[in-house]
Amino acid sequence: SVPSLFTPLQTVTMGFFTHIFEAEFFFAQGTSLEDLRAAVLAGIESLQSQGWEVVEDRAPLFQRPGDKHNYIHAYRNKEEKNVELTVFGTHTSKIMGFVDDLAFTFGETEVDTPYIKALSVSRVGEGDLYQNKRNIINVMDQVKRVHPFSEKPKVYRS
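Note on numbering: residues in each chain are counted from 1, in written sequence order. In keeping with the model being predicted, local features are shown solely for residues with a pLDDT of at least 70 and side-chain atom pairs are shown and tallied solely at 80 or more, while totals for entire chains, interfaces and linings include all residues. As a rule here, side-chain values come from all non-hydrogen atoms in the structure, and water together with hydrogens is ignored.

J.: What is the right way to look at the pairing of strand S4 (residues 99-108) in this model?
T.: In regular strands, side chains alternate between the two faces of the sheet. Under the scheme applied here, a residue whose accessible area is under 20% of the maximum for its type counts as buried, over 50% as exposed, and between as partly exposed, the area being computed with a 1.4 Å probe on protein chains only. Counting from the N terminus, the helices are the DSSP runs of H or I reaching at least four residues and the strands are the DSSP runs of E reaching at least two. Buried residues dominate S4, accounting for eight of its ten residues. A strand pair is defined by DSSP finding two or more bridges across the two strands. In this sheet, S4 lies alongside strand S3 (residues 87-92) in antiparallel orientation, the contact comprising six bridges. From the neighbouring strand, Gly-89 faces S4, where its bridge partner is Leu-102. Counting the residues that bridge the hairpin from S3 to S4 gives six residues, and of these Gly-97 lies at a positive phi of roughly 75 degrees. Of the strand pairs in this sheet, S4 and strand S5 (residues 114-122) are connected by nine bridges, and their pairing is antiparallel. Bridged to Asp-100 within S5 is Ser-122. The turn linking S4 back onto S5 is made up of five residues, and Asp-112 within it adopts a positive phi angle of 65 degrees.

Structure representation (structure tokens):
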């Protein structure tokens, strides 16, 4: 079953036949970006036994064979704000060994609402059977334990 963090329409129509999933999560004003970053790092580290890893060097990430994907392309060819806070990671499936690349960037809206933009991209194939969505949900469920979302996540692309 697909986790229900998103609306039923999003769950049915997004994520099944694609290799990318991107969403933003918003938090209460006053929540520091550094605290959110620490929560994402702790979330990934808590999932290490399930194939998760924090990655320091982003160079090998978001490089699909035969595709023009890279980190900047995955973010619509623009550099994200607060790049120094970005957390990069990978998830490797236990059975087939498929690797998905992840990036979590942090920022604030015009009205000082902190957010996390989460991105998961499969390295192989075009249909991920919702795995990229599950990647984001698994980490954000860990974050939510410490910093609850202030509203429903916004899905930008899947």
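J.: What is the right way to read the pairing of strand S1 (residues 20-26) from this model?
T.: Most of S1 is tucked away, with seven of its seven residues classed as buried. A two-sided burial pattern is seen for S1, the buried positions comprising Ile-20, Glu-22, Glu-24 and Phe-26 on one face and Phe-21, Ala-23 and Phe-25 on the other. Pairing analysis gives seven bridges linking S1 to S5, with the strands arranged antiparallel. From the neighbouring strand, Glu-22 faces S5, where its bridge partner is Leu-119.

J.: Can you walk me through the confidence of the model for the protein chain in this structure?
T.: The predicted coordinates should not be examined in detail at positions where pLDDT is low. pLDDT runs from 0 to 100 and stands for how confident the predictor is about each residue. For the protein chain, per-residue confidence averages 79 on the pLDDT scale, and residues scoring 70 or more make up 73% of the total. Per-element confidence in the protein chain ranges from a low mean pLDDT of 40 for helix H1 (residues 8-13) to a high of 96 for helix H2 (residues 33-46). Predicted confidence for residues 6-15 stays below pLDDT 50, and this span has 24 contacts to residues more than four positions away or in other chains. Contacts were defined at the residue level, with two residues in contact if any of their heavy atoms lie within 4.5 Å.

J.: Looking at this model, I keep getting lost on the nonpolar core. Mind explaining?
T.: Here is a general trend for soluble globular proteins: nonpolar side chains tend to be buried in one another's company. Counting 25 residues, the largest nonpolar core has Val-40, Phe-104, Phe-106, Ile-116 and Met-140 as the members making the most contacts within it. Those elements giving two or more residues to this core turn out to be S1, H2, S4, S5 and helix H4 (131-146). Examining the composition of this core, we find that six residues originate from one element, H2, more than from any other. Those residues in contact with Met-140 that sit more than four places away from it in its chain are Phe-25, Phe-27, Phe-104, Ile-116 and Phe-149. For this analysis, a nonpolar core means a set of buried residues of the types Ala, Val, Leu, Ile, Met, Phe, Trp, Tyr and Cys, connected via side-chain atoms within 4.5 Å.

J.: Where do I start with the packing of aromatic side chains in this structure?
T.: Geometrically, a pair of aromatic rings is defined through the distance of the ring centres and the angle of the planes. The aromatic pairing rule takes the rings of Phe, Tyr and Trp, using the six-membered ring of Trp, and pairs them if the centres are within 6.5 Å, calling planes under 30 degrees apart stacked, those over 60 edge-to-face and the rest tilted. Enumeration over the complete set of coordinates arrives at three aromatic pairs. Aromatic side chains Phe-27 and Phe-149 sit 5.6 Å apart centroid to centroid with 75 degrees between the ring planes, which places their arrangement in the edge-to-face category. Separated by 122 residues along the polypeptide, Phe-27 in the loop between S1 and H2 and Phe-149 in the loop between H4 and strand S6 (154-157) bring together distant segments of the chain. Accessibility expressed as a relative area gives 1% for Phe-27, which makes it buried. Members of the aromatic cluster, each reached through a chain of ring pairs, are Phe-25, Phe-27 and Phe-149.

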